[in-house]
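Secondary and tertiary structure notes
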Amino acid sequence: MTDKLLRGRVLNFKSEPQGADDTSAFDYFKDGAILIRDGVIAATGLFDDVIEQGRDAEMVDHRPNLLMAGFIDTHLHFPQVQVLASWGEQLLDWLNNYTFPEETRFVDPEHAARMATAFYDELTGHGTTTAVAYCSVHSSSVEAYFSEAERRNMRMLGGKVMMDRNAPEELTDTPQSSYDDSKMLLEKWHGKGRAGYVISPRFAITSTPQQMEAAQALVAEHPDVHVQTHMSENLNEIAYTKELYPDAPDYMGIYEHYRLLGPKILLGHCIHLEDREIGLMAETGSHPVFCPTSNLFLGSGLFDDAGLRARGISNGIATDIGGGTSYSMLQTLNEGYKVLQLRRQQTHAYRAFWWVTRGNAEVLGLEDKIGTLNAGTEADVVVLDACATSAMALRMERVETLAEELFVLQIMGDDRAIAQTYVAGEAQK
Ligand code: GUN
Ligand code: ZN
């Protein structure tokens, strides 16, 4: 395979930016280049230096656009691609009236395959190169999800939701079948190419204690595999959860009891937390995931990013399609900025772009593979055009610094600002 050399302005994060002026947290090459060999980054740096190693490479000139690591979305629902923008409800009614009926359709492998094609087109069209998804309860949805990712050579994580109560019959499994199906899918897909399986009990409301035990057994047998669930998103959800698990000290106590907590767990939402839960999160290294467009759309509440970080907790950020309203991690950062404004917290642009790249990779423990442009990592790259729309171009006339440009992308950008997306070195447009 011929080497590829991408030329443009190159931004690569080394650590979490600690402030609006923390330029030590990243490398920025105004005339930079990325050399790609066999889907892996061979070198990143100044064009004049990188070209020395890539004289024979095919050159793609992206100047004056900005190149950075592909975006990572740490929480979304593959079978909800046709649920986005369903009107008028909060979490539990929204699940019952829109989401569950839609997810029943994924029993059909043809439907699941068609949706997978569309889903991945949307992801890469929005600059997302890795995502962590809940599939439906059906194995067919997981097959479609990983087969299409494999065809595109994308690093994708996901798993079948385990749910054995409080949902339509077509959408429920049993403790035993959820264990068997998850294990079969995990053994088939985990580590196959770039795939990563995720053990996925949907949330405590849709799992009996017996199913929680099945999830516990899977986690104990596969300690290297990620786990995902939802927690403390909505006040009615929390009240109902406490009714279903009256012996638990709090919501998180349920997941604690079944030994699901630890650095491998992603806990969607985590808005209305009790102090004991925050302490437990810090102690176990568990990761909350902030889903701003969803939290606003479903009226769930305002995530306390600074409060959690002050306790030493590292948070992911994600779209939560289809409670979330956009595939765009730029729009996710936009709405996230506004949520945090309402909390009197501010995330500056350097940290925002670190968050959707290296930050999310660190939450997943995958920063040696994705989330940076470091040599030896997988060549997932996004090319950003901050002048993509006339309104952005007009605003950009007054922009002088990289931080200002990033903020324009964060607030005004969407899929139109994605000039190109590379997955393992292959252009997707
Ligand atoms: N809690 C349990 N399932 C879901 C879901 O599909 N979306 C959201 N936003 N919250 C959930
Ligand atoms: Zn979710």
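Here goes a summary of the coordinates provided. (Residues numbered from 1 in each chain as written. Chains lettered and ligands numbered in written order. Predicted model: local features only at pLDDT ≥ 70, side-chain atom pairs only at ≥ 80, totals over all residues. Heavy atoms only, no water.)

The next thing to look at is the state of the cysteines. Following the criterion strictly, the structure yields 0 disulfides and no others. Take cysteine 135: it sits in no disulfide, and the sulfur closest to it among the cysteines is that of cysteine 291, at 16 Å. (Disulfide = S-S within 2.5 Å.)

This part is about the site of ligand 1. The full set close to ligand 1 counts 13 residues, and His77, Gln80, Arg202, Glu233 and Asp320 are the nearest of them. Contacts to ligand 1 include aspartate 320, whose side-chain N or O atom sits 2.9 Å from a nitrogen atom. About the coverage of ligand 1: the protein hides 100% of its 280 Å² of free accessible area. When residues of the shell around ligand 1 are assigned to their parent elements, the largest contribution, 3 residues, is made by helix 2 (residues 91-103). When grouped by side-chain class, the residues that make up the shell around ligand 1 number 5 nonpolar, 5 polar and 3 charged. (Near = heavy atom within 4 Å. Polar contact = N/O pair within 3.5 Å; in protein donor to acceptor, adjacent residues only side chain to side chain. Areas by Shrake-Rupley, 256 points an atom, 1.4 Å probe, with all protein chains shown as cover. Helix = DSSP H or I, 4+ residues; strand = E, 2+ residues; numbered from the N terminus. Nonpolar A, V, L, I, M, F, W, Y, C, P; charged D, E, K, R; others polar.)

This part is about the packing of helix 12 (residues 329-342) against helix 13 (residues 349-364). Closest axis-to-axis distance for the helix 12/helix 13 pair is 9 Å, and the angle between their directions is 125 degrees. As summarised for this structure, helix 12 and helix 13 are arranged oblique, according to the angle between their axes. Along this stretch, helix 12 crosses helix 13, giving a crossing that reads as right-handed. Contact residues: helix 12 offers Met329, Leu330 and Leu333, while helix 13 offers Ala352, Phe353, Val356 and Asn360. For the contact of helix 12 with helix 13, a count of residues per class yields 6 nonpolar, 1 polar and no charged. (Axes fitted to C-alpha atoms, helices over the stretch in contact; angles between N-to-C directions. Parallel < 35°, antiparallel > 145°, perpendicular 65-115°, else oblique. Left-handed = near helix turned anticlockwise from the far one by under 90°. Contact = heavy atoms within 4.5 Å.)

Turning our attention to the sheet that holds strand 4 (residues 58-69). Remark on secondary structure: sheet strands pair via backbone hydrogen bonds, oriented parallel or antiparallel. Strand order across the open sheet formed by 7 strands is 3-2-1-4-14-15-16, with mixed pairing between neighbours. Strands with a single pairing partner mark the edges of an open sheet, and in this sheet they are strand 3 (40-46) and strand 16 (426-427). Two strands pair when backbone bridges link them, and strand 15 (residues 418-423) and strand 16 are joined in this way by 2 bridges, in the antiparallel orientation. Of the residues in strand 16, the one forming a bridge with valine 423 is glutamate 426. Strands strand 1 (4-13), strand 2 (26-37), strand 4 and strand 14 (381-384) of the sheet are contacted by helix 13, whose axis makes an angle of about 120 degrees with strand 1. (Pairing = 2+ DSSP bridges.)

Remember, this is a structural readout, not a statement about activity or role.
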